[in-house]
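One-letter residues, chain by chain:
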Amino acid sequence: MNRIDIYTDGACKGNPGPGGWGVLLKSPAAQKELFGGERSTTNNRMEMTAVIEALSALKRPCQVVLHVDSQYVLKGMTEWLPGWKARGWRTAAKEPVKNVDLWQRLDALVGSGGHQIEWRWVRGHNGDPGNERADELANQGVATALSQGTATRSPA
């Protein structure tokens, strides 16, 4: 199984507002960058979209170290998801889970991709080169969405 390091980030200018997501995929043999954005979204949706796009870009099962600076994504995937599913996509307070469409897509990708995923939190804007590059790509996604006026995605 190939090992790959993935760095993801989301950005939003206003919350809600124009947003972008960025992904840096690094293996010993190659490096790939992805980004995209939307005219009206939230930061949490862009953080989640970055992870979804990253995992969707993998062509075969991999040993993945997934670096995120979003506690929302990290805790959602490593702590909250089983409870949400057991309660029919409701929180402990019996409220509907926010961004359920993206959580369900992410859950399906993780469950069906055959990947071994290690989730790692990295402090954002703290000098980690992979996280800094993912942040730059997310901001590029915002700029692209603003200039095109629609949802965008870089060529894969």
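Going by the structure above, here's the rest.
Keep in mind that what you see is a predicted model, and the values were worked out from it rather than measured.

Draft legend 1. Region of the structure containing the overall build of the protein. Helix and strand counts for the protein come out as four helices and six strands. In the protein, the order of α-helices and β-strands from amino to carboxyl end is β-β-β-α-β-α-α-β-α-β. Its C-alpha atoms give the protein a radius of gyration of 15 Å, within 12% of the compact-globule value 15 Å for 156 residues. On the principal axes, the C-alpha backbone points of the protein span a range of 40 × 40 × 30 Å. Burial statistics for the protein: of 156 residues in total, 46% are counted as buried. Counting contacts in the protein only where the partners sit at least 6 residues apart, residues at least 24 apart contribute 67% of the total. As presented, the protein carries roughly 7,800 Å² of accessible surface, and 49% of it is formed by carbon and sulfur atoms.

Draft legend 2. Just the packing of aromatic side chains, in detail. In total, this model carries four aromatic pairs according to the counting rule given. The interplanar angle of 65° and the centroid separation of 5.2 Å between the aromatic rings of tyrosine 72 and tryptophan 103 together place this pair among those described as edge-to-face. Of this pair, tyrosine 72 sits in helix 2 (residues 71-86) while tryptophan 103 is found in helix 3 (residues 100-112), placing the two residues 31 residues apart along the sequence. Side by side, tyrosine 72 and tryptophan 103 carry an identical accessibility label, which is buried. In this structure an aromatic cluster arises from ring pairing among Tyr72, Trp80, Trp84 and Trp103.

Draft legend 3. Local environment of the environment of glycine 22. With respect to the element layout, glycine 22 can be found in strand 2 (residues 17-26). Note on glycine 22: relative accessible area 0%, which makes it buried. When the C-alpha atoms of glycine 22 and tyrosine 72 are compared, they prove to be 17 Å apart, with 50 residues separating the residues in sequence.

Draft legend 4. Region of the structure containing the layout of surface pockets. One number sums up the size of the largest pocket: a volume of about 310 Å³. Lining the largest pocket are 13 residues, with Ile4, Ser27, Leu58, Arg60 and Cys62 positioned closest to its centre. Going through the elements one at a time, strand 1 (2-12), strand 2 and strand 3 (31-41) are the ones with two or more residues in the lining of the largest pocket. In the lining of the largest pocket, the residues fall into six nonpolar, three polar and four charged.

Draft legend 5. Here's a closer look at helix 4 (residues 129-148). Over its 20 residues, helix 4 extends 28 Å from the first C-alpha to the last, a length consistent with the 28 Å expected when each residue adds 1.5 Å. Buried within helix 4 we find Gly130, Asn131, Ala134, Asp135, Leu137, Ala138, Gly141, Val142, Thr144 and Ala145.

Draft legend 6. Spotlight on helix 1 (residues 43-57). Spanning 15 residues, helix 1 covers 21 Å between terminal C-alpha atoms, matching the ideal 21 Å at 1.5 Å per step. Counting buried positions over the 15 residues of helix 1 gives 11, a clear majority of the element. Buried within helix 1 we find Met46, Glu47, Met48, Thr49, Ala50, Val51, Ile52, Glu53, Ala54, Leu55 and Ala57.

Draft legend 7. Molecular detail of the nonpolar core. If you look at the biggest cluster of nonpolar residues, it comprises 31 residues, and the most contacted ones within it are Ile6, Val23, Val51, Leu58, Trp103 and Trp119. Where this core is concerned, the elements lending two or more residues are strand 1, strand 2, helix 1, strand 4 (62-68), helix 2 and helix 3. Take this core: its biggest share by element is eight residues, from helix 1. Ignoring anything within four residues of it in the chain, the contact list for tryptophan 103 reads Met48, Tyr72, Val73, Gly76, Met77, Trp84, Trp89, Val97 and Lys98.

About the cut-offs
- Residues numbered from 1 in each chain as written.
- Predicted model: local features only at pLDDT ≥ 70, side-chain atom pairs only at ≥ 80, totals over all residues.
- Heavy atoms only, no water.
- Helix = DSSP H or I, 4+ residues; strand = E, 2+ residues; numbered from the N terminus.
- Rg over C-alpha atoms; globule rule 2.2 N^0.38 Å.
- Buried < 20%, exposed > 50% of the residue type's maximum accessible area, 1.4 Å probe, protein only.
- Contact = heavy atoms within 4.5 Å.
- Areas by Shrake-Rupley, 256 points an atom, 1.4 Å probe, with all protein chains shown as cover.
- Phe/Tyr/Trp six-rings, centres within 6.5 Å; stacked < 30°, edge-to-face > 60°.
- 1 Å grid on protein atoms, 1.4 Å probe; cavity = no way out; pocket = protein on both sides within 12 Å on 5 of 7 lines; lining within 4 Å.
- Points joined across faces, edges and corners; volume = space filled by probe spheres on them.
- Nonpolar A, V, L, I, M, F, W, Y, C, P; charged D, E, K, R; others polar.
- Expected span 1.5 Å × (residues − 1).
- Core = buried A, V, L, I, M, F, W, Y, C linked by side-chain atoms within 4.5 Å.

These values are about where atoms sit, not about what they do.
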